Amino acid sequence: MSEKKETVWASLREICDETRTVVDETGRKVKKTACFSTMKALLEGAFHLVEYFEKLHREGEVFRSDSADMFRFSLATGEMQRREPAKKEKEMGRTEDETAAADVLLAAGPVEINEFLAPELVECIKEGTAAEELPFTVETDRYFMAVFLFEYFFHTGSPFEGKKMVNRCFLSPLEKEVFRAEQGQFCMDLGENENTPVKGIQDKLIHYWEEYPDILKKMFQRAFMDGGTLCELRPTEVDWKQTLVRLMMDYQVCGCGFQGFSNRLRPKENGTLLCPVCGKTYYVLSDGMNRILLAEGVKLYACQTGRDAFDKDTVTAVVAENRQKKGLYGIKNVSRGVWRGLFPDGSTREIKEGQGIPIWNGMQVRFETGEEWSLRLMQKATPEEERQDIESR
């Protein structure tokens, strides 16, 4: 019987560096890779972080810290751990020695001068407010969360650290953060070039920014351009959860080995998408705002077809080949919910558990939520239609 594999945990700093330092059997310190095993694990980790803050705020509490080192993530699954402050260690029944160890871990105090401090907190520190009196709020937590996620996804430093800050000499951490709070500019503000990332220094940011879909980029632009100083515009926990679930559903794993977001699929004139490796066709089912990609073997989840917008784990449908008609594919309902669908013969029928609807140009289906999803392929114009279009211009 094989031994259970030890869970490897990594801090935000190790995730950004993509390396972690461990002590081997000889007592030497060696560097090892610190990368998530899958994109699913990375997205799960981000989701757990957001859920932590959501639960905290639901209970009427705030984080009251800017220490990113208090969080650890499993590189295999994205599971998250957080160390409790020493006073809670005592409440949880830990010994005095264990509590003392936690005190050493947090000896620097709950507040450091770093990029995770919201601008309004930096201004308070500048004016002489003591750490224990800083006005932490839900909005300052949301700023912390946005900075954390930016560094987490793009393996980089502060979202304001472009050439404007890299080329400037700061005499203290406070001076640097005051400058960021008062004059900082988001380094990925596409409308400006004063503070763009520096090649050779921020190559990871430049690379990973291009890998992710626009829905994630727009969240950070909202957080640091609109919500940089206007705290009421910062993305909420629900906003982040919605975005992360959309990213999870958008990420495709093809049987040929290709893995990536749908922006890496090759679009065709008729509106379908192709795997860039094997050419497998993905059909686009849309409700006008969102889309679901359909291809052989694809699974649909409750957040797409059910009533729980955040249930990303319960499979509710699968795309499979018709047993009687080879080459004909459909969406099979494997949930307890009842759908309604428009079939090729023009009839509208209920689709119960175990039943399905064929994938065809013109299909319409209403899942449990009642929203209507449809598939419309763009027909290529005939030579006569193209001639008439040219003449009408």
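Overview of the structure. These numbers come from a predicted model, not from an experiment.

Parameters and conventions
- Residues numbered from 1 in each chain as written.
- Predicted model: local features only at pLDDT ≥ 70, side-chain atom pairs only at ≥ 80, totals over all residues.
- Heavy atoms only, no water.
- Helix = DSSP H or I, 4+ residues; strand = E, 2+ residues; numbered from the N terminus.
- Buried < 20%, exposed > 50% of the residue type's maximum accessible area, 1.4 Å probe, protein only.
- Contact = heavy atoms within 4.5 Å.
- Areas by Shrake-Rupley, 256 points an atom, 1.4 Å probe, with all protein chains shown as cover.
- Pairing = 2+ DSSP bridges.
- Expected span 1.5 Å × (residues − 1).
- Polar contact = N/O pair within 3.5 Å; in protein donor to acceptor, adjacent residues only side chain to side chain.
- Axes fitted to C-alpha atoms, helices over the stretch in contact; angles between N-to-C directions.
- Parallel < 35°, antiparallel > 145°, perpendicular 65-115°, else oblique.
- Left-handed = near helix turned anticlockwise from the far one by under 90°.
- Nonpolar A, V, L, I, M, F, W, Y, C, P; charged D, E, K, R; others polar.
- Salt bridge = Lys/Arg side-chain N within 4 Å of Asp/Glu carboxyl O.
- Core = buried A, V, L, I, M, F, W, Y, C linked by side-chain atoms within 4.5 Å.
- Lys, Arg positive; Asp, Glu negative; His and termini not counted.
- Phe/Tyr/Trp six-rings, centres within 6.5 Å; stacked < 30°, edge-to-face > 60°.
- Lys NZ or Arg CZ within 6 Å of the ring centre and 35° of its normal.

1. Here's the deal with the overall build of the protein
Here is step 1 of the chain: Along the protein, the regular secondary structure elements total 13 helices and 19 strands.
Here is step 2 of the chain: Residue burial in the protein is summarised as follows: out of 393 residues, 43% are buried.
Here is step 3 of the chain: Pairs at least 24 residues apart make up 53% of the contacts formed inside the protein by residues separated by at least 6 positions.
Here is step 4 of the chain: Summing over all exposed atoms, the protein offers an accessible surface of approximately 21900 Å²; the carbon and sulfur share of this is 48%.

2. A few points about the pairing of strand β4 (residues 71-74)
Here is step 1 of the chain: The pairing of strand β1 (residues 9-10) with β4 spans two bridges and is antiparallel. Within β4, the residue paired with Ala10 across the bridge is Phe73.
Here is step 2 of the chain: Where β4 and strand β5 (residues 80-82) come together, three bridges link them in antiparallel fashion. Counterpart to Phe73 in the pairing with β5 is Met80.
Here is step 3 of the chain: Turn length for the β4-β5 hairpin, with the two strands adjacent in sequence and antiparallel, is five residues, and the turn residue Gly78 shows positive phi of about 90°.

3. A short note on helix α6 (residues 138-154)
Here is step 1 of the chain: Its 17 residues place the ends of α6 24 Å apart at the C-alpha level, agreeing with the 24 Å of an ideal helix rising 1.5 Å per residue.
Here is step 2 of the chain: Where α6 begins, the capping side chain belongs to Thr137, and its oxygen is found 3.2 Å from the backbone nitrogen of Glu139.

4. A look at the packing of helix α10 (residues 214-226) against helix α11 (residues 237-250)
Here is step 1 of the chain: At a minimum axis distance of 10 Å, the contact between α10 and α11 shows a crossing angle of 160°. The angle between α10 and α11 places the two elements in the roughly antiparallel class. The two elements α10 and α11 meet at a crossing, and its hand is left-handed. Between α10 and α11, the residues in contact are Ile215, Leu216, Met219, Phe220 and Arg222 and Asp239, Trp240, Thr243, Arg246 and Leu247, respectively.
Here is step 2 of the chain: Considering only residue class, the contact of α10 with α11 consists of six nonpolar, one polar and three charged.

5. So, the pattern of salt bridges
Here is step 1 of the chain: Here the structure, examined in full by the defined rule, presents 20 salt bridges.
Here is step 2 of the chain: The network of salt bridges with shared partners includes Lys40, Glu44, Lys312 and Asp313.

6. As for the nonpolar core
Here is step 1 of the chain: Within the largest apolar cluster, 72 residues are counted, with the highest numbers of intra-cluster contacts made by Phe71, Phe148, Phe150, Tyr152, Phe153, Phe220 and Phe224.
Here is step 2 of the chain: Look past the residues within four positions of Phe153 in its chain and what remains in contact with it is Leu42, Leu43, Ala46, Tyr208, Tyr212, Leu216, Phe220 and Leu244.
Here is step 3 of the chain: Leu273, Leu285, Val298 and Phe367 belong to the second-largest nonpolar core, a separate cluster that totals 27 residues.

7. Things to note about the side chain of Glu115
Here is step 1 of the chain: Along the polypeptide, Glu115 turns up in the loop between α4 (96-105) and α5 (119-126).
Here is step 2 of the chain: Arg13 provides the closest opposite charge to the buried, salt-bridge-free Glu115, at an N-O distance of 4.1 Å.
Here is step 3 of the chain: Among all residues touching Glu115, those that are not within four sequence positions of it are Arg13, Tyr143, Val147, Glu151, Ser158, Glu177 and Arg180.

8. A short note on the sheet that holds β4
Here is step 1 of the chain: Spatially, β1-β4-β5 is the arrangement adopted by the three strands of the open sheet, whose pairing is antiparallel. Of all the strands in the sheet, the pair left with one neighbour each is β1 and β5.

9. As for the packing of aromatic side chains
Here is step 1 of the chain: On inspection of all chains with the given rule, the structure shows 37 aromatic pairs.
Here is step 2 of the chain: With a centroid separation of 5.1 Å and 55° between ring planes, the pair formed by Phe63 and Phe144 is classed as tilted. Of this pair, Phe63 sits in the loop between α2 (39-58) and β4 while Phe144 sits in helix α6, placing them 81 residues apart in sequence.
Here is step 3 of the chain: On the basis of an interplanar angle of 70° and a centroid distance of 5.7 Å, the ring pair of Phe150 and Phe186 is categorised as edge-to-face. On the criterion of sequence distance, the pair formed by Phe150 in helix α6 and Phe186 in the loop between α8 (173-183) and α9 (203-211) is long-range, its members being 36 residues apart. Exposure class is identical for Phe150 and Phe186. Each is buried.
Here is step 4 of the chain: Residue placement shows Arg349 over the ring face of Phe343; its charged tip is 4.0 Å from the ring centre.

10. Section: the sheet that holds strand β13 (residues 315-321)
Here is step 1 of the chain: Strand order in the open sheet made by the four strands is β12-β13-β14-β17, with antiparallel pairing throughout. Of all strands in the sheet, those with a lone pairing partner are β12 (299-301) and β17 (356-358), marking the two edges. Averaged over all neighbouring strand pairs, the angle between strand axes comes to 20°, with direction disregarded.
Here is step 2 of the chain: Note: β12 against β13, three bridges, orientation antiparallel. If you follow Leu300 over to β13, its bridge partner there is Ala317.

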